[in-house]
Amino acid sequence: TFKDERDASFIQTELEDYVSDIGANSIITPNAIYDVKLYSIVYETIDQFGVYTQASGLVAIPNDINYAYPLYLFGHGTQIRRSSAPSMGGFNLLNQWLPSEGFIYLEPDYLGLGISEILHPYHLKDVTASVMIDMIYATKTLCKQLDTIQYNNQLFIAGYSEGGYATMATVKEIEESYNDLEITMSFPMAGAYDLSGTMVDLMLSEEEYPDPFYLPFFILSYIETYNLGNIEDFFKPEYAAILPDLFSGEYSGGHINDYLPNIPINMMLDDMVIDFTNNPDFPFKIHLAENDLINWSPQSPMYLLHGVADERVPVENSVIAYNTFIQNGSASVILETLPESYGGHQDAAPFCLIFADSYSENAKIIFEKGDVNQDLQLNISDIIGMINNILNYSNYDDFDFWLNDLNNDSLINVFDVVLLIEGILNE
């Protein structure tokens, strides 16, 4: 569904104002090149029980039919209120920034948000990866249906907080199971990759925590997914009575926090906490470990970005993940920690995104229609290549066909050659 459009000059002004407001002028110079169109989509995916279901998401595209752009899959941070999902809103800084630079931007709502009315499967790696990956295929289908936008073979994946976890889960799943997808670069940012270690230690620490709703969000999701019992088996009665309604999808995390203790472990049953701490076979603990994302070896280029002063998702998540990746033989992972001066979890987020964007910009490739040999130049080599294709080539993939079909008539013939020659001469 088409939602809105915005021109590049307006986006440029918004970006310049924002960069100035956060004091990032010395780090990045905004460069909005393309007008942007915004869409919401509904697509099919599989939930945590292996059942087909519908999910929703947002797609923002550069509005210029003459080029083929990379895909940029982004995972957003933790949301609880269903209506706060990306597809339910309009333009924001991120979904106009990246497509205005020449990326096809896709952002899934996740299950349990947007049109999906189930309890969000929070920090469950398999279903999280599935809803991200299926968004890629859904976006490619949208591009074909629109017939006004073309993707190329580059794929960037990024996300912050829960989106950092989603990014890591998605990269792992693609590298292990999807031969038709090749990741150009990924940016897991400030994610809870070490659930059973760093995050458990934080929740057991009996220290005040800015967002106590994180803990019941985890537990409610895992109770439902793994059939771990009843809510009363985990929470003190006064919290067990109110949590199902609070996590119905109608309320924000900030609203839920108002009903919870600042020290999250204080809402849990004392006997349960003792059992969890001392019993290595405690089911919830086992399933947390199953959803860790630290013990594998990424093969595609990956930048782990994390602020050292992160109070919500400690930087140790990224440090442990990085060290384990290196021990496992990965040679493509770089860890970059932002110093304390960048602030905590929320304040460091825009700077992580800016650094990710700068790396993406350097690696980005945009192909012009007619660049048959994909060397980023239009010249006589493309003319020769197109003629050879007309005479000898019949097995085009979608991208090759788009490169050769200059007049968009679904045929590749002498008329396309003439247009290519005219284009080269005009340049």
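Residues numbered from 1 in each chain as written. Predicted model: local features only at pLDDT ≥ 70, side-chain atom pairs only at ≥ 80, totals over all residues. Heavy atoms only, no water.

Visitor: With reference to specific residues and values, describe the environment of serine 40.
Guide: With respect to the secondary-structure elements, serine 40 resides in strand β2 (residues 36-46). For the pair formed by serine 40 and glycine 90, sequence separation is 50 residues and the distance between their alpha carbons is 9.4 Å. Apart from the residues lying within four places of it in its own chain, the contact partners of serine 40 are Thr1, Lys3, Gly57 and Ser87. (Helix = DSSP H or I, 4+ residues; strand = E, 2+ residues; numbered from the N terminus. Contact = heavy atoms within 4.5 Å.)

Visitor: Give a description of the packing of aromatic side chains that names residues and reports values.
Guide: Summed over all chains, the structure comprises 28 aromatic pairs. Look at tyrosine 34 and tyrosine 67: their rings are 6.3 Å apart centre to centre, the planes differ by 65 degrees, and that puts the pair in the edge-to-face class. Of the two residues, tyrosine 34 is situated in the loop between α1 (8-21) and β2 and tyrosine 67 in strand β4 (residues 67-75); the sequence distance between them amounts to 33 residues. The class of tyrosine 34 is buried, set by a relative accessible area of 11%. (Phe/Tyr/Trp six-rings, centres within 6.5 Å; stacked < 30°, edge-to-face > 60°. Buried < 20%, exposed > 50% of the residue type's maximum accessible area, 1.4 Å probe, protein only.)

Visitor: Please give an account of a negative patch on the surface that cites residues and values.
Guide: Residues Asp4, Glu5, Asp7 and Asp35 make up a contiguous surface patch of negative charge. By the secondary structure assignment, aspartate 35 is in the loop between α1 and β2. (Patch = residues over 30% accessible without salt bridge, like charges linked within 9 Å, V, L, I, M, F, W, Y side chains within 5 Å. Areas by Shrake-Rupley, 256 points an atom, 1.4 Å probe, with all protein chains shown as cover. Salt bridge = Lys/Arg side-chain N within 4 Å of Asp/Glu carboxyl O. Lys, Arg positive; Asp, Glu negative; His and termini not counted. Charge placed at Lys NZ, Arg CZ, Asp CG, Glu CD.)

Visitor: Kindly report on the nonpolar core, identifying the contributing residues and their values.
Guide: Within the largest apolar cluster, 89 residues are counted, with the highest numbers of intra-cluster contacts made by Ile104, Phe234, Phe235, Leu243, Phe247, Met268 and Phe284. Per-element accounting of this core gives the leading share, ten residues, to helix α3 (residues 125-146). (Core = buried A, V, L, I, M, F, W, Y, C linked by side-chain atoms within 4.5 Å.)

Visitor: Account for a nonpolar patch on the surface, with residues named and values stated.
Guide: A cluster of nonpolar residues, Val42, Met88 and Ile115, forms a patch on the protein surface that exposes about 250 Å² of accessible area. Looking at where isoleucine 115 falls in the secondary structure, it is placed in the loop between β5 (104-108) and α3. For isoleucine 115, a relative accessible area of 34% gives the class partly exposed.

Visitor: An account of the side chain of threonine 198 is requested, with residue identities and associated values reported.
Guide: Along the polypeptide, threonine 198 turns up in helix α5 (residues 195-203). Those residues in contact with threonine 198 that sit more than four places away from it in its chain are Pro314, Glu316, Asn317 and Ile320.

Visitor: Report on the packing of α1 against helix α2 (residues 93-101), specifying residues and quantitative values.
Guide: In helix packing, the relevant descriptors are the interaxial angle and the interaxial distance, both defined with respect to the helix axes. It is the contact of α1 with α2, at a shortest axis distance of 10 Å, that shows an interaxial angle of 115 degrees. Helix-helix and strand crossings are classified by hand; for α1 and α2 the assignment is left-handed. Each of Ile11, Glu14, Leu15 and Tyr18 in α1 lies in contact with α2, whose residues at this interface are Leu93, Gln96, Trp97 and Ser100. (Axes fitted to C-alpha atoms, helices over the stretch in contact; angles between N-to-C directions. Left-handed = near helix turned anticlockwise from the far one by under 90°.)

Visitor: Could you give an account of the pattern of salt bridges, with specific residues and numbers?
Guide: Taken as a whole, this structure holds seven salt bridges when the rule is applied. Salt-bridge contacts for lysine 172 lead to glutamate 176; the nearest nitrogen and oxygen are separated by 3.2 Å. Placement of the pair is lysine 172 and glutamate 176 together in helix α4 (residues 162-177), with a separation of four residues, close to one helical turn. You can call lysine 172 buried: its relative accessible area is 16%. You can call glutamate 176 partly exposed: its relative accessible area is 49%. Several salt bridges converge on common partners, so that one network encompasses Asp211, Glu311 and Arg312.

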